[in-house]
Amino acid sequence: MKFYVIPNMTRKNAFPVTCSLLENIGKLDCNAFLDSSLTEQFEKKDFIEYVSEEAAIDMCDAVIAVGGDGTFINAAKKATSNNKPLICVNAGNLAYLACIEGDETHLLESITKGDFVTENRMLLDVSVVEENGKVIYDSCCVNDAVVSRSGNIRIMNLSVLCNGAPLIDYLGDGAIVATPTGSTAYSLSAGGPVVEPCVESILITPVCPHSIFSRSIVLNGSSELELIHDNSGEAILSCDGQSAVVIPDNARVTVKRSDKSVSFIKIKKDTFIDVLNKKISG
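Since the model is a prediction, treat every value here as computed from it, not as a measurement.

Quick look at helix α3 (residues 69-81)
Alright, step 1. For α3, spanning 13 residues, the distance from its first C-alpha to its last is 18 Å, which sits close to the expected 18 Å at 1.5 Å a residue.
Alright, step 2. Taken residue by residue, α3 has Asp69, Thr71, Phe72, Ile73, Ala75, Ala76, Lys77, Ala79 and Thr80 as its buried positions.
Alright, step 3. Note on α3: the residue one or two positions beyond its end, Asn83, has a positive phi of about 55°.

Notes on the packing of aromatic side chains
The description of an aromatic ring pair rests on the distance of the ring centres and on the angle between the ring planes.
Alright, step 1. By the definition in use, this model includes one aromatic pair.
Alright, step 2. On the numbers, 5.3 Å between centres and 25° between planes, the contact of Phe15 with Phe42 is stacked. Of this pair, Phe15 sits in helix α1 (residues 14-27) while Phe42 sits in the loop between β2 (31-35) and β3 (48-51), placing them 27 residues apart in sequence.
Alright, step 3. Take Phe15: its relative accessible area is 38%, and that puts it in the partly exposed class.

Comments concerning the sheet that holds strand β12 (residues 174-178)
Alright, step 1. With respect to topology, six strands assemble into an open sheet ordered β14-β13-β12-β9-β16-β17, the strand pairing being antiparallel. Every other strand in the sheet has two partners, leaving β14 (217-220) and β17 (245-247) as the edge strands with one partner each. Between one strand axis and the next, the sheet turns by 25° as a mean value, whatever way the strands run.
Alright, step 2. Looking at chain direction, strand β13 (residues 201-207) and β14 are connected through four bridges and run antiparallel. Across the sheet, the residue bridging to Ser201 is Asn220, located in β14.

Structural notes on the nonpolar core
Alright, step 1. Val126, Leu225, Leu227, Leu237 and Val253 are the most contacted members of the largest nonpolar core, which totals 28 residues.
Alright, step 2. Once you skip the residues sitting within four places of it in the chain, Leu237 turns out to touch Val126, Val128, Tyr137, Ala145, Val146, Val147, Ser243, Ala244, Val245, Ile247 and Val253.
Alright, step 3. Phe3, Phe42, Leu108 and Ile267 belong to the second largest nonpolar core, which has 26 residues in total.

Thresholds, definitions, all that
Residues numbered from 1 in each chain as written. Predicted model: local features only at pLDDT ≥ 70, side-chain atom pairs only at ≥ 80, totals over all residues. Heavy atoms only, no water. Helix = DSSP H or I, 4+ residues; strand = E, 2+ residues; numbered from the N terminus. Expected span 1.5 Å × (residues − 1). Buried < 20%, exposed > 50% of the residue type's maximum accessible area, 1.4 Å probe, protein only. Phe/Tyr/Trp six-rings, centres within 6.5 Å; stacked < 30°, edge-to-face > 60°. Pairing = 2+ DSSP bridges. Axes fitted to C-alpha atoms, helices over the stretch in contact; angles between N-to-C directions. Core = buried A, V, L, I, M, F, W, Y, C linked by side-chain atoms within 4.5 Å. Contact = heavy atoms within 4.5 Å.

Laid out in structure tokens, this is it:
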């Protein structure tokens, strides 16, 4: 098998974990691709080839991301765009998406034996649409899309429509629209519920709501949402924590389930509840 290894070298443990991972890939008589920018950071081995990202994605059988959930999300977008499954190796802290921990790289052998399952998770297509219908921004989200105020300390009035009908108005700092995968990310920090990944749904969680009655809403995964701000100040959209874009006055943010999905490889037999209990309890 051929693996494209994407380590987040800003993580303290990424280097030793990646070295261990590469060592095990070599023992399994498999091949590894690393980005050509990492040539000076890792040893030169016969089974390691340093190539461009485009070439690595094209030639590999699976992508392996080494880092935390942020690393996994970025790698997931690359893997999904090229119809490749993703293996997540934890070199961070919580890492809810991790397939294996940093000291379990030997478990990669299970993949070469076919002893694994593939878990497909839904994504969200997010767009900013001007009043005339022109789409000025679009993105695909693994975790969430966040509509919020920008800079000024002010309350935002955000109207949410579901399938064309008014759903709820939020007064506060904004709102998070999340996938089940994203339910353990920003939405959880904002007081939202944890949703098992197999429950295909879309979550809406208010950020610092100016009401004691504002709560998260869990909708059918086929729901199509529109979020419209009140034009009282600058509003921004951020997808999966990426750089924010300004939402023009009278524009709306649309969110719906993507036709694409991300395929996570799962080696260990632990359930989502097992992982949740372990991560939360530390």
